[in-house]
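Summary of structural features
Listed below, chain by chain, are the residues.
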Amino acid sequence: MRPASPAFAFLIASLGIGVFSAMDAVMKGLTIALGVYLALFWRTGAGVAFGGAAWWMAGASRPSRAALRLHLVRSAVSTVMALLFFWGLARVPMAQAIALTYVAPLIALFLAALLLGERVRGRTIAASLVAAAGVGVILMGQAHADLGDDAFWGALAILGSAICYSWNIILMRQQALVAGPLEIAFFQSVFVTLFLALGMPFWGGIPALEHWPAILLGAGLATLSLVLLSWAYARAEASYLAPTEFTSFLWAAFYGWIIFGEQVSLFTLAGASLIIGGCIWGARGRTPPQEAEAMP
């Protein structure tokens, strides 16, 4: 593995978040047009081709047994996470959706205690209460704006996705230690597509030709983002790179405004500030965790 400065890894991770936010915008449009299942299945299926080509050209090699196990577990978590997130994203403004996902790093601290044996400090509990208050402010804003029941259920789906993503944060770091970024991107696309294929007899279909440019664009952006994030997480601690997640709020506000005409409410700004503040407060003073071998 080629060495890289922490600052450069931070820059690459930030770029990966920006690319992922662009994919979110593409997927929101596809989900509104096709429904969450078809949009996600065909975008992920197309991602198999993108990821496979990149992995093969880089000199594909057989993954280790530990790596395959991690690919499978993370893909299962990612499948549930993605279905919940994109279903919710189609029902709430992008900036609000992204703000709600910011509770994931704090949840990850509790999961790290459960799965990796790390200690939960009083500061973490207090920070979680601050972040929970931020979630409450955002939901109050929904009620004030009268966005309807769909927006409320969409927000709950995104919070459920955030719980899955908190586990995904831990798996991402473990996975990056045993596999390269192109291998990770390819096998995640393969396994997520296989998991989603179980629903084809019930919800399957082939999208109209007009939707395929967006499907291919979403697949390319998703693959590129996975590669960038995996590269960065293999070269810097997860705790150091975690703040890059917060740049997605700015990207989401930008894409939501430009593409969907969404406005960012004061409730969303206030709630996001509380959640981000809670996450930063909870992370302050933490010592880097011991590296895990593969999976707990």
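Details of the structure are given in the entry above.
Below, the structure is looked at part by part. Model, not experiment: these values are computed from the prediction.

Digging into the pattern of salt bridges
One pass over the full model with this rule turns up one salt bridge. One salt bridge in this structure joins Lys28 and Glu262, with 2.4 Å as the shortest N-O distance. Here Lys28, found in helix H1 (residues 6-34), pairs with Glu262, found in the loop between helix H12 (247-260) and helix H13 (266-283); they are 234 residues apart in sequence, far enough to count as distant. For the pair formed by Lys28 and Glu262, the shared burial category is buried.

Structural notes on the nonpolar core
Among the nonpolar cores identified, the biggest contains 77 residues, and Met27, Phe86, Leu100, Tyr102, Tyr233, Leu241 and Ile275 are the most heavily contacted of them. Beyond its immediate chain neighbours, meaning those up to four positions away, Met27 contacts Ala39, Leu40, Arg43 and Phe86. One finds Trp55, Phe186, Phe187 and Val190 within the second-largest nonpolar core, a separate group that totals five residues.

Topic: empty space enclosed by the protein
A complete count under the given rule lists one cavity of 30 Å³ or more for this structure. Empty space within the largest cavity amounts to approximately 700 Å³. Together, 39 residues line the largest cavity, and Phe20, Met23, Met81, Tyr165 and Asn168 are the ones closest to its centre. Mapped by element, the contributors of at least two residues to the lining of the largest cavity are H1, helix H2 (36-57), helix H3 (65-89), helix H4 (94-101), helix H5 (104-116), helix H7 (149-176), helix H8 (181-197) and helix H10 (212-233). Split into classes, the residues belonging to the lining of the largest cavity amount to 21 nonpolar, 14 polar and four charged.

As for the side chain of Thr193
Tracing the backbone through its elements, the reader meets Thr193 in helix H8. In terms of polar contacts, Thr193 uses its side chain to reach the backbone amide nitrogen of Gly45, at 3.5 Å. Sequence-distant contacts of Thr193, defined by excluding residues within four places in its chain, comprise Phe41, Thr44, Gly45 and Val48.

Cut-offs applied
- Residues numbered from 1 in each chain as written.
- Predicted model: local features only at pLDDT ≥ 70, side-chain atom pairs only at ≥ 80, totals over all residues.
- Heavy atoms only, no water.
- Salt bridge = Lys/Arg side-chain N within 4 Å of Asp/Glu carboxyl O.
- Helix = DSSP H or I, 4+ residues; strand = E, 2+ residues; numbered from the N terminus.
- Buried < 20%, exposed > 50% of the residue type's maximum accessible area, 1.4 Å probe, protein only.
- Core = buried A, V, L, I, M, F, W, Y, C linked by side-chain atoms within 4.5 Å.
- Contact = heavy atoms within 4.5 Å.
- 1 Å grid on protein atoms, 1.4 Å probe; cavity = no way out; pocket = protein on both sides within 12 Å on 5 of 7 lines; lining within 4 Å.
- Points joined across faces, edges and corners; volume = space filled by probe spheres on them.
- Nonpolar A, V, L, I, M, F, W, Y, C, P; charged D, E, K, R; others polar.
- Polar contact = N/O pair within 3.5 Å; in protein donor to acceptor, adjacent residues only side chain to side chain.

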